[in-house]
Structure formats: C-alpha cells, structure tokens
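# Coordinates in review
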Protein chains: 2
Amino acid sequence: MTLSTRTRRRLGADARRRQLIELGLRLLSREPREQVAIDRIAEEAGVSRGLLFHYFPTKRAFHVAVVTAAADRLVELTEPDPALPAPERLRRGLEAYVGYVIENRELYVSLVRGAAGADEELQRVFDRTRGRIVDRIVASLGVAAATPLLRTAVRGWLALVEETTLDALRGGDVPHTDLVGLQEQALAALLEAAGVAPPG
Amino acid sequence: MTLSTRTRRRLGADARRRQLIELGLRLLSREPREQVAIDRIAEEAGVSRGLLFHYFPTKRAFHVAVVTAAADRLVELTEPDPALPAPERLRRGLEAYVGYVIENRELYVSLVRGAAGADEELQRVFDRTRGRIVDRIVASLGVAAATPLLRTAVRGWLALVEETTLDALRGGDVPHTDLVGLQEQALAALLEAAGVAPPG
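Not measured: the values here are computed from a predicted model.

Now for the overall build of chain A. When you go through chain A residue by residue, the secondary structure sums to nine helices and zero strands. Along chain A, helices (α) and strands (β) appear in the sequence α-α-α-α-α-α-α-α-α when read from the amino end. Within the span of chain A, comprising 200 residues, buried residues form 48% of the whole. Within chain A, residue pairs in contact and separated by at least 24 positions form 66% of the contacts whose partners lie at least 6 positions apart. With the model as given, the accessible surface of chain A reaches about 9900 Å², and the carbon-plus-sulfur share is 52%.

Tallying the contact residues gives 33 residues for chain A and 33 residues for chain B. Carbon and sulfur atoms supply 68% of the area buried between chain A and chain B, which totals about 2500 Å² over both sides. When the area that chain A buries against chain B is broken down by residue, the three leading residues are L149(A), T152(A) and L182(A), summing to 21%. Between the two partners, chain A and chain B, sit six salt bridges. Where chain A packs against chain B, one counts eight residue pairs in polar contact (both at pLDDT 80 or more). Among the secondary structure elements, those contributing two or more residues to the side of chain A that touches chain B are α7 (120-140), α8 (148-171) and α9 (176-193) of chain A. Looking at the side of chain A that touches chain B, the element that brings in the most residues is α8(A), giving 15 residues.

With that out of the way, let us pick up the pattern of salt bridges. All chains considered together, the criterion is met by 38 salt bridges over all chains. For the salt bridge of E121(A) with R60(A), the shortest nitrogen-to-oxygen distance reads 3.4 Å. Placement of the pair is E121(A) in helix α7 and R60(A) in helix α4 (residues 59-77), with a sequence separation of 61 residues. Taking relative accessible area as the criterion, R60(A) reaches 37% and is therefore assigned partly exposed. A salt bridge links R155(B) to E163(A); the shortest N-O distance between them is 3.4 Å. One end of the pair, R155(B), is in helix α9 (residues 148-171); the other, E163(A), is in helix α8, on a second chain. Both residues of the pair, R155(B) and E163(A), count as buried.

In this section: the relation of the copies chain A and chain B. With an axial shift of 0.0 Å and an RMSD of 0.1 Å, the rotation relating chain A to chain B amounts to 180 degrees. In symmetry terms, the pair is related by a two-fold rotation axis.

Glancing now at the packing of aromatic side chains. What the rule picks out here adds up to four aromatic pairs over all chains. Taken together, a centroid distance of 5.0 Å and an interplanar angle of 65 degrees make the contact between F56(A) and F62(A) edge-to-face.

Moving on, we come to the nonpolar core. The biggest cluster of nonpolar side chains holds 128 residues, and the ones touching the most others in it are W157(A) and W157(B). Contacts of W157(A), omitting those with residues within four sequence positions, involve L90(A), L94(A), I137(A), Q183(A), A186(A), L187(A), L190(A) and L160(B).

Here we take up the environment of R170(B). Its place among the elements puts R170(B) in helix α9. Residue class for R170(B) comes out partly exposed when judged on its relative accessible area of 46%. Setting aside residues no more than four positions away along its own chain, R170(B) makes contact with R155(A), R105(B) and E163(B). A polar atom in the side chain of R170(B) sits 3.2 Å from the side chain of D167(B).

Turning next to helix α2 (residues 13-28) of chain B. The terminal C-alpha atoms of α2(B), which comprises 16 residues, lie 22 Å apart, in line with the 22 Å expected from a rise of 1.5 Å per residue. Along α2(B), the residues classified as buried are R16(B), L20(B), I21(B), L23(B), G24(B), L25(B), L27(B) and L28(B).

Residues and elements named next belong to chain A. Mapped onto the elements of the fold, E44 is located in helix α2 (residues 38-45). Separated by 27 residues in sequence, E44 and R17 have C-alpha atoms that sit 14 Å apart. In this view, E44 contacts L23, R26 and L27; residues no more than four positions away in its chain are not counted.

As a further point, take the confidence of the model for chain A. Chain-level pLDDT for chain A is 86 on average; 91% of the residues reach the 70-or-more range. Across chain A, element-level confidence peaks in α9(A) with a mean pLDDT of 93 and bottoms out in helix α1 (residues 3-28) of chain A with 76.

Residue and element names in this part refer to chain B. Helix α3 (residues 38-45) packs onto α2 with a crossing angle of 120 degrees between their chain directions and a minimal axis gap of 10 Å. Viewed along their axes, α2 and α3 adopt a mutual orientation that is oblique. Considering only the axes of α2 and α3, their crossing is right-handed. Between α2, through R16, Q19, L20, L23, R26 and L27, and α3, the contact on the second element is made entirely by R40, I41, E44 and A45. Residue classes in the contact of α2 with α3 are distributed as five nonpolar, one polar and four charged.

Conventions we followed
- Residues numbered from 1 in each chain as written.
- Chains lettered and ligands numbered in written order.
- Predicted model: local features only at pLDDT ≥ 70, side-chain atom pairs only at ≥ 80, totals over all residues.
- Heavy atoms only, no water.
- Helix = DSSP H or I, 4+ residues; strand = E, 2+ residues; numbered from the N terminus.
- Buried < 20%, exposed > 50% of the residue type's maximum accessible area, 1.4 Å probe, protein only.
- Contact = heavy atoms within 4.5 Å.
- Areas by Shrake-Rupley, 256 points an atom, 1.4 Å probe, with all protein chains shown as cover.
- Buried area = accessible area lost by both parts, 1.4 Å probe.
- Salt bridge = Lys/Arg side-chain N within 4 Å of Asp/Glu carboxyl O.
- Polar contact = N/O pair within 3.5 Å; in protein donor to acceptor, adjacent residues only side chain to side chain.
- Least-squares fit on C-alpha atoms with pLDDT ≥ 70 in both.
- Phe/Tyr/Trp six-rings, centres within 6.5 Å; stacked < 30°, edge-to-face > 60°.
- Core = buried A, V, L, I, M, F, W, Y, C linked by side-chain atoms within 4.5 Å.
- Expected span 1.5 Å × (residues − 1).
- pLDDT = per-residue confidence, 0-100.
- Axes fitted to C-alpha atoms, helices over the stretch in contact; angles between N-to-C directions.
- Parallel < 35°, antiparallel > 145°, perpendicular 65-115°, else oblique.
- Left-handed = near helix turned anticlockwise from the far one by under 90°.
- Nonpolar A, V, L, I, M, F, W, Y, C, P; charged D, E, K, R; others polar.

As structure tokens, this is what we get:
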C-alpha cells in the first residue's frame, strides 16, 4: 500500500465519520435520543448497523460525538463579529444562541444536562464548551487579568442564559427580544458588580 | 447504651425515619454518597442493615429522602424575616443560602445535579424546591400577576445563584460578600429588565 492510498483511506474514514455525525445532528436535534433507534440512523445513512458500530462502538459514543459537534457549532455560531460595535456584538451573539437552541433543542438539552449528569464524557464536553465561551467573553472585556470574581460572574451569567433560554422555550410565551434584553441587562449588572466596564 | 436502647425501642416508625434522615443529613452533607456505605449508616444509627432497609428499600431511596430533607431545610433557612427592610432581607437570605451550601456541599450538589440527571425523583425534589423559592420571591415583589418574563427572570437568577455559589466554592478565592453582592446586583438588573421594581 502506498502512502497516498493510506491517506485516501484514512480521509475516507474521516469523511464517513463526519457524514454520520452530520446525520446525527439532523436526527437528534429535535427528537430525544431515546426515540431515535440506531437502526434508523444506519438506514438513513445508507450503511449497515455493523458499519455504524465500526465508527461508534456504542450508541452512547455516537451521541457524545454528535453533542460535541453540536457544541462546536454553537460556539462558532455565537462567535462575535469584530466589525460590529460591542453592544450589537453581544445582542447578535445572544440572538444566535437563542436561535440555535430553538432549532436544536434536544441536543442542547443533552449538552446542558450532560454537565450535571452521570456521563463524564458529556460533562467534559459541557465544561470545555462553557470554558471556551467564558474565555471569549473575558477576552472581549480587555482586562489585563481576569479576577476569580469576574470568571465566577461570567460563569453564572452563562448558567442564567441557559436556564432562561430553556425556560422561555418551555413556556413559549416570552418574546425573544425580551429574553435577549433580560440576558443583556444581567451581564451588564454582573460586570459592574465584578468591577469591569461592559465591552465597547 | 441502656438509655439509647430504651429510646430506640420507644421510637415509633415516624420518629425512627426522622432519626435516620437526620443521621443522613449529617453523614452525607460533606461526603459524596458513593463514599458513605450503607453499613456505616446502619452502624452509626445503631440499627441493623435490615431495619434500615425496612424504612428505605434502597440506598437511593434513602439518599432521595435525605436530599429532600436538605432542600426543605434550605428553603426554611432562607425564609425572609418580614421585620427586616427589603434589601436587608435579600442579603440575609443570600448569606444564609451561601452558608448552607458551604456546610452541606455534597447534599447541595446532589440537589442541583439531580435537576439535570437521570434520577426522576431527585429532579422532582429540585423542581419543587426551585418552584417554592421562585414563588416566594415573586410574592415578595407585590405584583398583581407575575408575567412569564418575570418568572423566567427569577428562575434564571436562581440558576445564577446556584452556579456562582458552587463556582466560588470550587475556586475558594471569591470573598462571600463579593459573591452575595454579585447575586444582589444581578437580581436588581433582572427585575428591572422584567419591568418590576425591586422589593421594598
């Protein structure tokens, strides 16, 4: 086997993995994973059950891979556009966040619940995701060194964003602009309490 | 020993249950439940393993009963004193909350994590506890009817209080007065965003 053949085969495997994860993102975003049988995933992907298990040894492993991809997408989608003024950047980020949660509710619930549940891998995915968002917000504030109070404030704010977004979706009667306004004002107050000027 | 034996005999079923739960509150407040063997609980209670299982058919049932008792205590301890002016009432309530969490960390983690975990009973305990605290806060605001936005805001604030308290304990380098200040300012901002004047 030449090097290029090996590379091609490996790329093939990666591409197949990505294809299966993409399918998982579609199937698992609105239906709870308990309702999505592994046979259906294999069938829709046009692969055998055996091949699916070749890439993901258990249904849980597949679920963790899909939730990880969903978390990465959430981080990307809420990436602030540096061309925008700071308050606008925050609002756009929150709108993207809320929109993503609406479209991908079940995966989002898996991510957030994973943080507290028994699944250590999902807990790591959640911690890493929240850590990336905390870092990004802290970096945007332009402070020389983030105090423990500031990091705690930003982590608390993210918990608030998660809870209010899920709660508003559950009830369905909070307009999104009100929800985002609530989240914006909370951040401004928390930053002030942590002794930091809001970004901008 | 003689006295305790007599006392033990005289204990009715309810009193025995309460005694076992009290013991659980003491044993499980700082040690994770995985580290507390059922044999140790029975031994410290001076009862047989069989009798313990008579009251609580599984270790999980015992744990749920203890977490429920811990949640009830948390709600009681943070009950506002109507004699105090409103801002002072809130601060005292938060200080009691943070103090309770420090003293009963493991049970608190069980309660908060239960909300998101696979244990439906713990989830119900958490939902009921949070619901009681939300109702109490909303009632204290003296609004005729709580809007969905207001309830979402208060639920989000509680998520923030839980997260910041656990986070500050984890890191250990956020002074409690700063933590409580952060929580107070966040509530004021959220109430304002929900169109309600702060209590008082």
